[in-house]
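Fold and geometry: a report
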Number of protein chains: 2
Amino acid sequence: MRFTSQTSSDGVTEQLFTLPFTFGEIPGVLWTPDGATGARPLILMGHGGGQHKKAPGIVARARRSAAECGFAVVAVDAPGHGDRLRSAEHDRIIAEMRARAQTGGELAPVLAEFHTLLAGQSVPEWRAVLDAVQELDHVGAGPVGYWGMSMGCALGVPFVAAEPRVRAAVLGLNGAETSAEAAARITVPVEFLVQWDDEMVPRAASLALFDAFASAEKTLHANPGKHAEIPVFELDSTLRFFSRHLG
Amino acid sequence: MRFTSQTSSDGVTEQLFTLPFTFGEIPGVLWTPDGATGARPLILMGHGGGQHKKAPGIVARARRSAAECGFAVVAVDAPGHGDRLRSAEHDRIIAEMRARAQTGGELAPVLAEFHTLLAGQSVPEWRAVLDAVQELDHVGAGPVGYWGMSMGCALGVPFVAAEPRVRAAVLGLNGAETSAEAAARITVPVEFLVQWDDEMVPRAASLALFDAFASAEKTLHANPGKHAEIPVFELDSTLRFFSRHLG
C-alpha cells in the first residue's frame, strides 16, 4: 500500500493510495479525522456504476462520517472504473449496454452480467483493501461497515456475505437479480434504500432483495423520486445506523 | 374541557380531561413537560383497535416526546374504546369480527366497515380536541403532528386529510382499503411504518396506502416482524421526524 498524496480540510484528512493486487493496482482514498490515532470504526464505500472513488456522493458521505462520527472511510475505484484500465470484456459489455440503451432494448440481463463479472474481481479486492487499511495505526482493527448503492450494492452484497469483519451494511438501489443468493447469507444488520420511482430498478426487484436478506435486523427506507434522488435526510439516518452498530 | 386529575413524574406532567361533544364526553389525556409555558409543537396520538388513550405504547411515546422534545401530546379514547360507551352498532360489528375470527372468516371487510363508522365520529372529535387543547396556555397554537398506527392510522388518514393544522404525520400498520381516497388528499410529510411480516395487514395493501399519499416528502420504513413488533429504534426516528417538521 503506497500513499501518493495527503490533504486536509474542515478537520478531515484525505489520503490517496494505490494497492498492488492481482488485476493491477487498486487506486483508493482514505478519509480520517485530522490527528486520528488508534483503532476506530471503518466504513467501506462502494460507488455506483460509471462513477469512481471520489464521486461527489461518496466524498460528501465520507467527509461527514469522518467529521461527525470519527470514522475512517475508504473508497476504491471498482474494476473498470475511475483510473483503472478496462478489459476487453468490460468494453464488450459496456458497448452492449450502450447499444441497448439507444435502441430501447432490455438492460437488466446485460447489467446483471456486468455486475457478476465485476463482483468476481471486487470481492477479493475489497478483502485485500480491508487487510491493508486495518494495519494502519490511525484505522486499526475496529468494527467495519459497508455502504453501497446501485452497482455499489450489487458488488457489496457478495462482499458482505463473504466477509465476517463487516458488522453492518447500508445497501440499496439494486434488485434481487444477481444478488438474492448472496443476500440470503447476510445476517448482519442492513439498512436498505429504495427509490419509489426508480427508473432503473423495478420496485418488485428491490423489495425482493430486501426480502432475501437473512438479517434479523433489516430496515427498508423507501422514498419518492428517481434512482439518483435519495433525500438528504437519509444520510443522517445512515450515520445513525452505523453509529448504533459500529460505535 | 374539564381537567379531572394532574400528576407528574420524570419531568412530565400528565393531565386527564373530559371534553363534552356530540357523541358523549370524550375522555383524554394531555402530557406536557413540567412547568411548560407558552406555545409548543403538539402531537395527537391515535391508539390502535381494542386499545385506549393510556395503552402502554401511547404512554411511552408520549412521555418521551414531552421529555426529550418538549412537545405537548394528547390522546383520547376513540369512539367505542376505553372509557367510552359502545353503541349497538359498535357491538354488532365487534360481535361479527369475533365470530369471523373464530371461524376463520374474512376479517378485512368487517374491519373496514368498523373503521369507516368510527372515522365518521373521530374526525370531528379530533378537531374539537385540537380546538380545546390549543387554547391552553401551556400548549398554544404551535405546529401540530399526528401519530397513529393500525386503527390509529385508519382514523388518522381522513383526519389529517381534513385538518390543515396538521403539518406532519407518522402513520402505519394499515392498508389502503378504506383510506386510499383520503390519503390522496394528504400533502404534508408522512413517515409510514410497515411490518414486513404483518399477520393482519397484507403487505400489498400497506404499500398501496404508502403509494396513495400525495405528499412530496413521504418515507416508508419497513421492518421484519409481526403487526405489534415495531422495533424500538423507530421511536427514535419518529421523534426526529417530528422535530424536523414541527421544531
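The structure displayed is predicted, hence computed values, not measured ones.

All told, the structure shown has 16 aromatic pairs over all chains when counted by the stated rule. Here B:F192 and B:F213 contribute two aromatic rings whose centre-to-centre distance is 5.7 Å and whose plane-to-plane angle is 65 degrees, an arrangement assigned as edge-to-face. One end of the pair, B:F192, is in strand β8 (residues 190-195); the other, B:F213, is in the loop between α6 (203-212) and β9 (218-223), and 21 residues separate them in sequence. Of the two residues, B:F192 and B:F213, both sit in the buried class. One aromatic cluster in this structure is built from A:F192, A:F210, A:F213 and B:W196. Its guanidinium or amino end placed over the ring of A:W196, A:R203 lies 3.9 Å from that ring's centre, counting from NZ or CZ.

Another point: the interface of chain A and chain B. Between chain A and chain B, the residue contacts involve 18 residues of the former and 18 residues of the latter. Taken as a group, A:W196, A:P224 and A:F233 account for 31% of the area that chain A buries against chain B, more than any other trio of residues on that side. In this assembly, chain A and chain B are joined by two salt bridges. For the salt bridge of A:D211 with B:R203, the shortest nitrogen-to-oxygen distance reads 3.5 Å.

The UniProt feature table records "domain: AB hydrolase-1" (unreviewed entry) at residues 44-187 of chain A. In residues 44-187 of chain A, the share of helix is 51% and the share of strand is 15%. The end C-alpha atoms are 18 Å apart.

Our next topic: the packing of helix α3 (residues 108-134) of chain B against helix α4 (residues 151-162) of chain B. Residues and elements named next belong to chain B. Running from N to C, α3 and α4 cross one another at 55 degrees; their axes reach a closest spacing of 9 Å. With respect to α4, the axis of α3 lies oblique. Note on packing geometry: the crossing formed by α3 with α4 is right-handed. Side by side, α3 and α4 meet where H115, L118, A119, S122, V123, W126, R127 and L130 of the first sit next to M151, A154, L155, P158, F159 and A162 of the second. Looking at the contact of α3 with α4 residue by residue, the classes come out as 11 nonpolar, two polar and one charged.

Turning our attention to the packing of helix α2 (residues 88-103) of chain A against helix α3 (residues 108-134) of chain A. The description of two packed helices rests on the angle between their axes and on the distance between the axes. Residues and elements named next belong to chain A. Interhelical geometry of α2 versus α3 gives an angle of 155 degrees and a closest axis separation of 9 Å. Relative to α3, α2 is oriented roughly antiparallel. Our pair here, α2 against α3, has a crossing hand that is left-handed. Across from E89, H90, R92, I93, I94, E96, M97 and R100 in α2, the residues of α3 making contact are P109, V110, L111, E113, F114, L117, L118 and Q121. When grouped by side-chain class, the residues that make up the contact of α2 with α3 number nine nonpolar, two polar and five charged.

This part is about helix α7 (residues 233-246) of chain B. Residue and element names in this part refer to chain B. Relative to the 20 Å expected for 14 residues at 1.5 Å per residue, α7 spans 20 Å between its end C-alpha atoms, a close match to the ideal helical length. Of all 14 residues in α7, 10 are buried, a share of seventy percent or more. Along α7, the positions that sit buried rather than exposed are F233, E234, L235, S237, T238, L239, F241, F242, H245 and L246.

Here is what the cut-offs are and how they apply
- Residues numbered from 1 in each chain as written.
- Chains lettered and ligands numbered in written order.
- Predicted model: local features only at pLDDT ≥ 70, side-chain atom pairs only at ≥ 80, totals over all residues.
- Heavy atoms only, no water.
- Phe/Tyr/Trp six-rings, centres within 6.5 Å; stacked < 30°, edge-to-face > 60°.
- Helix = DSSP H or I, 4+ residues; strand = E, 2+ residues; numbered from the N terminus.
- Buried < 20%, exposed > 50% of the residue type's maximum accessible area, 1.4 Å probe, protein only.
- Lys NZ or Arg CZ within 6 Å of the ring centre and 35° of its normal.
- Contact = heavy atoms within 4.5 Å.
- Buried area = accessible area lost by both parts, 1.4 Å probe.
- Salt bridge = Lys/Arg side-chain N within 4 Å of Asp/Glu carboxyl O.
- UniProt positions renumbered as here; feature names shortened; annotations may be inferred.
- Axes fitted to C-alpha atoms, helices over the stretch in contact; angles between N-to-C directions.
- Parallel < 35°, antiparallel > 145°, perpendicular 65-115°, else oblique.
- Left-handed = near helix turned anticlockwise from the far one by under 90°.
- Nonpolar A, V, L, I, M, F, W, Y, C, P; charged D, E, K, R; others polar.
- Expected span 1.5 Å × (residues − 1).

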